[in-house]
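Next come the chains, spelled out residue by residue.
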Amino acid sequence: MGVYVHIPFCAQKCYYCDFYSVVVSEDFPTLAGNYLVSLRQEALYYRKIWGEQPLDSLFIGGGTPSVIPPEELAGLVSWLLKELPFVAEPEVTMEANPHSLTAAGVEVLSAAGVNRISLGVQAFQNNLLKSIGRIHRAEQIGESVEALRKAGVDNINLDLMFGLPGQRVQDWLNTLESALALEPAHLSCYGLILEENTPMEKWVSEGLMEVPNDDGQAEMYEAACRILKGSGYEHYEISNFALPGKRSSHNLLYWQNKPFIGLGSGATGYIGGNRYRNIPDLWRYMQSWHEGGPLYEDCDQVSVEREMDETMMVGMRLLAGVDEASFCRRYGISFWELYQPAINDLLARGLVEWDGAKLRVTRLGLFLENQVSAAFLR
Ligand code: SF4
């Protein structure tokens, strides 16, 4: 179980992004300071509800956490590690953009307990970075990794994206090669999704921008699976690859549908069977904590039936699949009793396989994961 903290600030908005974040402006230092106070108030509120269940991971995401001065962020991290019931050596991940990381900053964060950095790299070609609205340049990626290693942070994830406008297969192969040359512990490879109401979705729908088609995306994804596996990375989740022993504990928590505390404007959390999403409006969020309580955009009690569906849906993203015995222990019923027609249909279509203990996606199912997940929604 873990804690997610949302830092909703970015230096500029990427054209494809629909995460909640605001672009930093002149009043940013005051705004960030006040926001960090609200985060502490929220953490104390959930501290009482959560009790003593041990927390294994802390994930500071966004947004771009690294736009906040490292001293302030480090203060928040060490305070959370002290106030909440974390295990002795939790995984503490922070997302960062290559342009906003300095060696001195990383040292401060590392001293506060940050032991894993997830870098938003996306591509190693400046023309592609520019076409998707990223602020960093390719040269800064290697510099950031070097700064991290110097500060003793070796557990590094690189986020990469394929299916970008104007991206050729060769560009993607070069990106994979450049990423591997940096020897990261973990790699995430995501296909571009044209989210509603983003500038990129508008430009593509108006014919002003072109992105690779489904076949092009599938070719890039297939290349990533083959090349990363050949380089010693375990393909353990649809989009995630890790060196042995370097899987992300925090993200595994989501794929196993476990509870977690979510803090911050726009953050989601899952506590005591309640799934909530905080209001994605940082001023209203801060006002609500000033008044002493949460302000949700949504908050629903998740029924056991719904939780079982979700456990299957997210669990099938893991290449190890869903273990029938674990499912039975958790819910007192076999998933075969609940989903037999759906599973038989997926088996007949060659999207999943059953080895007598686990149900998992096949190679074909990897490419059609949406259809696999959807089958478990009753
Ligand atoms: S840096 Fe990340 S959160 Fe910020 S706009 Fe870009 S993709 Fe979105």
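Residues numbered from 1 in each chain as written. Predicted model: local features only at pLDDT ≥ 70, side-chain atom pairs only at ≥ 80, totals over all residues. Heavy atoms only, no water.

## Some points on the site of the ligand
- Lining the immediate environment of the ligand, one finds Cys10, Gln12, Lys13, Cys14, Tyr16, Cys17, Gly63, Thr64, Asn97 and Arg134.
- Its residues assigned to classes, the shell around the ligand comprises four nonpolar, four polar and two charged. (Near = heavy atom within 4 Å. Nonpolar A, V, L, I, M, F, W, Y, C, P; charged D, E, K, R; others polar.)

## Focus: the sheet that holds strand β15 (residues 322–323)
- With respect to topology, three strands assemble into an open sheet ordered β15-β17-β16, the strand pairing being antiparallel. Where the open sheet ends on each side, the last strands, each with one partner, are β15 and β16 (352–354).
- Pairing of β16 with strand β17 (residues 358–361) involves three bridges; the strand directions are antiparallel. Looking across to β17, one finds that Val352 is bridged to Val361.
- Across the sheet, helix α13 (residues 335–348) is in contact with β15, β16 and β17; its angle to β16 comes to roughly 125°. (Pairing = 2+ DSSP bridges. Helix = DSSP H or I, 4+ residues; strand = E, 2+ residues; numbered from the N terminus. Contact = heavy atoms within 4.5 Å. Axes fitted to C-alpha atoms, helices over the stretch in contact; angles between N-to-C directions.)

## Focus: the domain arrangement of the protein
- Entries for the protein in the domain assignment read domain 1 (2–255) and domain 2 (319–374).
- Of note, the centres of domain 1 and domain 2, computed from C-alpha atoms alone, are 30 Å apart.
- Where domain 1 packs against domain 2, one counts one salt bridge.
- Linking domain 1 with domain 2 are two residue pairs in polar contact (both at pLDDT 80 or more), by the criterion used here.
- For the side of domain 1 that touches domain 2, a count of residues per class yields four nonpolar, one polar and two charged. (Domains from an automatic or database assignment. Salt bridge = Lys/Arg side-chain N within 4 Å of Asp/Glu carboxyl O. Polar contact = N/O pair within 3.5 Å; in protein donor to acceptor, adjacent residues only side chain to side chain.)

## Some thoughts on helix α5 (residues 138–150)
- Those residues of α5 lying buried are Ala138, Ile141, Ser144, Val145, Ala147 and Leu148. The buried residues of α5 occupy one face: seen down the axis, they fall within an arc of 160°. Along α5, the residues that are exposed and aim more than 90 degrees away from the buried face are Glu143, Glu146 and Lys150.
- Packing partners of the buried residues in α5 comprise α3 (103–112), β6 (116–122), α4 (126–131) and β7 (156–162).
- Note on α5: the residue one or two positions beyond its end, Gly152, has a positive phi of about 90°. (Buried < 20%, exposed > 50% of the residue type's maximum accessible area, 1.4 Å probe, protein only. Arc of directions from axis to C-beta.)

## A look at the pattern of salt bridges
- Counted under the stated rule, the structure contains 18 salt bridges.
- The salt bridge involving Asp171 is made with Arg168; its shortest N-O contact spans 2.7 Å.
- Taking the relative accessible area as the measure of exposure, Asp171 reaches 7% and is therefore buried.
- Exposure remark for Arg168: the relative accessible area of 53% places this residue in the exposed category.
- Between Arg247 and Glu234 there is a salt bridge, with the nearest N and O atoms lying 3.1 Å from each other.

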